[in-house]
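Here are the chains, one letter per residue:
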Amino acid sequence: MKDLIVLGSTGSIGTQTLTVARKLGIRITGLAAGSNYKLLEEQAREFMPKSVAMFDENAAKKLKIALSDTDIKVFSGKDGINAVATGDGDIVLCAIVGIAGLDSTLKAIEAGKDIALANKETLVTGGRLVKQKIKEKKVKLLPVDSEHSAIFQSLQGAPAGSLKKILLTASGGPFFGKTYNELKSVTVKDALNHPNWSMGSKITIDSATLMNKGLEVIEAVHLFDVSPEQIEVLVHRQSILHSAVELSDGAVIAELGTPDMKVPIQYALTYPDRGVTFEHLSLTDIKTLTFEKPDMKLFKCLPICIEAIRRGGLYPTMINGANEEAVSLFLNGKIGFLQIAEIIEKSLDLSPVKNDFTLEDVYETDKFARETVRNLIKG
Ligand code: NAD
Ligand code: MG
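Being a predicted model, the structure only gives us computed values, none of them experimental.

(A) Region of interest: the sheet that holds strand β6 (residues 114–117). Strand order across the open sheet formed by seven strands is β4-β3-β2-β1-β5-β6-β7, with parallel pairing between neighbours. Both edges of this open sheet fall to β4 (73–76) and β7 (141–143), since each of them pairs with a single strand only. When the angles between neighbouring strand axes are averaged without regard to direction, this sheet yields 15°. With four bridges connecting them, strand β2 (residues 28–33) and strand β3 (residues 51–54) associate as parallel partners.

Right, here's the structure in full:
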């Protein structure tokens, strides 16, 4: 088993990763997260990694005091997160939320680590740069996002060049089937109430707007070298078929299971081997699997993302930045649910130049997108 570093260890994916590690007896060499020092202390005492880090400086100070009776090194800030990402360990599970996860992922690749990637915003904003580095360093990039893991699993054994189309499934979120008027008055609480998955708040809102599926289209373009036109999004309310591929002979191959992120997390950590069963799927209990077209008119975030990746360059970075800002404004009660998509749509018109961009361009574009959104709301 490879030694594992977990970035974003206190979050939904992070804690489930530690459940998998506990079950499989995987050694943890590094843990890093934002500000929840109490949980990080608990995790550190259980797994005894070599180093830990908190992004928040004050939380790091408290953690350092709490762990002063151990040999665990405690780091702080962005540099501290990067120190953990590049420390001892073979594979890094990247589960920080948002573009905040991009830098440490790039640093981990640079340090020669394999990457198990949950943080889709990393590929949405810096996909080209990440892929270049992966190639250069000859490390593995293993998807953790359930749909992309399903696609990856379905492609095992498929000859190169045989992938014709990706069938990307979406649960439809809590607001599937609602009308425009109904969506006008939904609350933060309604939006946080996902029917099938229990996740962090940002991705839960993204699931309600269908932005999550849009980000996943962009993620799939990067991971599987397909065009956006080769991806069909299907609303599949039961979240049992986690995505499928259509091969050159028309055969459709899918991965099915209960909605449980521990399965794709485990596969990324044990690949190409198979791990243990967490929950058995009974198809006769489920009985019916349904598939429908998404409502692209009402849930505008999905077509906006498809348009952004079609245009390429820094467009995906722009809409991602606008979305991160808009979701945070929505969660803080500053804007309504439907405004999220309106704001992101406006950011598509900001026409970022350059196709051959650098990491600095990515951060500048992100900053510009966020500032523009904040000014829009103030004005
Ligand atoms: P979450 O909000 O539950 O957890 C986020 C983690 O990142 C926390 O540990 C937090 O402390 C840490 N963090 C936040 N900002 C940080 C910073 N600046 N520096 C260091 N750490 C920071 O989110 P989540 O639901 O676990 O999602 C994590 C990522 O995985 C997201 O990109 C999401 O899209 C992706 N993902 C999640 C799920 C899921 O089921 N939760 C499924 C697929 C993909
Ligand atoms: Mg997903």
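(B) Highlighting the sheet that holds strand β11 (residues 252–256). Strand order in the open sheet made by the four strands is β9-β8-β10-β11, with mixed pairing throughout. The outermost strands of the open sheet, each flanked by one partner alone, are β9 (231–235) and β11. Recorded for the sheet is a direction-independent mean angle of 20° between the axes of neighbouring strands. In this structure, strand β8 (residues 163–170) lies alongside strand β10 (residues 241–247), joined through four bridges in antiparallel fashion. The partner of L163 across the bridge, within β10, is L247. Against the sheet, helix α11 (residues 211–224) touches β8 and β9, its axis set at about 155° to β8.

(C) Representation of the packing of aromatic side chains. Scanning the entire structure with this criterion turns up five aromatic pairs. Ring geometry for F175 and F337: centres 5.0 Å apart, planes at 85°, overall edge-to-face. With a gap of 162 residues between them, F175 in the loop between β8 and α8 (180–184) and F337 in helix α16 (residues 337–347) connect regions that are remote in the sequence. For F175, a relative accessible area of 2% puts it in the buried group. Put simply, the rings of F152, Y267 and Y271 pair up and form one aromatic cluster. Its end group placed over the ring of Y363, K78 keeps NZ or CZ at 5.2 Å from the ring centre. Positioned above the aromatic ring of F357 is the side chain of R128, whose terminal nitrogen or guanidinium carbon lies 4.5 Å from the ring centre.

(D) Up close: helix α12 (residues 262–270). Across the nine residues of α12, eight count as buried, placing the element largely inside the fold. All buried positions along α12 are accounted for by K262, P264, I265, Q266, Y267, A268, L269 and T270. Looking at the buried side of α12, the elements it contacts are β1 (4–7), α1 (12–24), β5 (91–94), β6, β7 and α7 (146–154).

(E) Region of interest: the domain arrangement of the chain. Considered domain by domain, the chain is made up of domain 1 (4–143), domain 2 (145–310) and domain 3 (312–379). Summarising the inter-unit geometry, the C-alpha centres of domain 2 and domain 3 are found 23 Å apart. The partner domain 3 presents 18 residues to the 26 residues of domain 2 that form the contact. When domain 2 packs against domain 3, the two sides together hide about 1,800 Å² of surface, and 79% of this comes from carbon and sulfur. Contact with domain 3 buries area across many residues of domain 2, yet K300, I304 and A308 alone supply 28% of it, more than any other trio. Put simply, domain 2 and domain 3 have one salt bridge between them. Between E345 and K300 there is a salt bridge, and its shortest N-O distance comes to 3.0 Å. One can count five residue pairs in polar contact (both at pLDDT 80 or more) joining domain 2 with domain 3. Listed by contribution, the elements that provide at least two residues to the side of domain 2 that touches domain 3 are α8, α9 (188–191), α10 (201–209), α11 and α14 (301–311). Among the elements that line the side of domain 2 that touches domain 3, the one with the most residues is α14, at seven residues.

(F) Expanded view of the pairing of β5. Going residue by residue along β5, you find I91 and L93 tucked away on one face and V92 and C94 tucked away on the opposite face as well. Here four bridges tie β1 to β5, and the two strands are oriented parallel to one another. Looking at β5, one finds that V6 is bridged to L93. Sheet topology note: the β5/β6 ladder contains four bridges and is parallel.

(G) Seen up close, the pattern of salt bridges. Applying the stated criterion across every chain yields a total of 28 salt bridges. Two residues, E110 and K137, come together in a salt bridge whose shortest N-O distance is 3.9 Å. Taken together, the residues E110 in helix α5 (residues 102–110) and K137 in helix α6 (residues 120–137) connect sequence positions 27 residues apart. On the accessibility criterion, E110 (37% relative accessible area) is partly exposed. Under the relative-accessibility criterion, K137 is labelled partly exposed at 32%.

(H) Representation of the site of ligand 1 within the structure. Taken together, 23 residues are adjacent to ligand 1, and T10, S12, G34, E121 and G200 come closest. Between ligand 1 and G34 there is a distance of 2.8 Å, counted from an oxygen atom to a backbone nitrogen or oxygen. For ligand 1, the protein covers 87% of the area, taking 830 Å² as the surface of the free molecule. Mapped onto the shell around ligand 1, the elements with two or more residues apiece are α1 and α6. By residue class, the composition of the shell around ligand 1 is twelve nonpolar, eight polar and three charged. Summarising the domain contributions, the shell around ligand 1 has at least three residues from each of domain 1 (4–143) and domain 2 (145–310).

Scoring rules and cut-offs
Throughout this document, residue positions are counted from 1 along each chain, in the order its sequence is written. For this description, chains carry letters from A and ligands carry numbers from 1, given in the order in which they are written. Given that this is a predicted model, residues contribute local features only at a pLDDT of at least 70 and side-chain atom pairs are listed and counted only at 80 or more, while totals for whole chains, interfaces and linings are drawn from all residues. The side-chain values count all of the structure's non-hydrogen atoms but skip hydrogen atoms and water molecules. Any two strands with at least two DSSP-identified bridges between them are counted as paired. For helices the rule is a DSSP run of H or I covering at least 4 residues; for strands it is a run of E covering at least 2, with both sets numbered from the N terminus onward. The axes are straight lines fitted to the C-alpha atoms, using for helices just the contacting stretch, and the angles between their N-to-C directions are given from 0 to 180°. Contacts are assigned to residue pairs that have any heavy atoms within 4.5 Å of one another. Aromatic rings from Phe, Tyr and Trp, taking only the six-membered ring of Trp, are treated as a pair when their centres fall within 6.5 Å; an angle between ring planes under 30 degrees marks them as stacked, one over 60 as edge-to-face, and anything in between as tilted. Relative accessible area decides the class of each residue, using a 1.4 Å probe on protein chains only: under 20% of the type maximum gives buried, over 50% gives exposed, and in between gives partly exposed. We count a charge as sitting over a ring when the NZ of a lysine or the CZ of an arginine lies within 6 Å of the ring centre and within 35 degrees of the ring normal. As annotated, the domain borders come from an automatic or database domain assignment. Once two parts are put together, the accessible area they lose, assessed with a 1.4 Å probe and summed over both, is termed the buried area. By convention in these notes, a salt bridge is any Lys or Arg side-chain nitrogen within 4 Å of a carboxyl oxygen on Asp or Glu. Contacts described as polar in this section are N or O atom pairs within 3.5 Å, which, within protein, must combine one atom able to donate a hydrogen with one able to accept it, while residues neighboring in sequence count only if both atoms come from side chains. Here a residue counts as near a molecule or strand whenever at least one of its heavy atoms sits within 4 Å of it. Residue-level accessible areas treat just the shown protein chains as cover; the underlying method is Shrake-Rupley with a 1.4 Å probe. Asp, Glu, Lys and Arg are counted as charged, while Ala, Val, Leu, Ile, Met, Phe, Trp, Tyr, Cys and Pro are counted as nonpolar; the rest, among them Gly, fall into the polar class.

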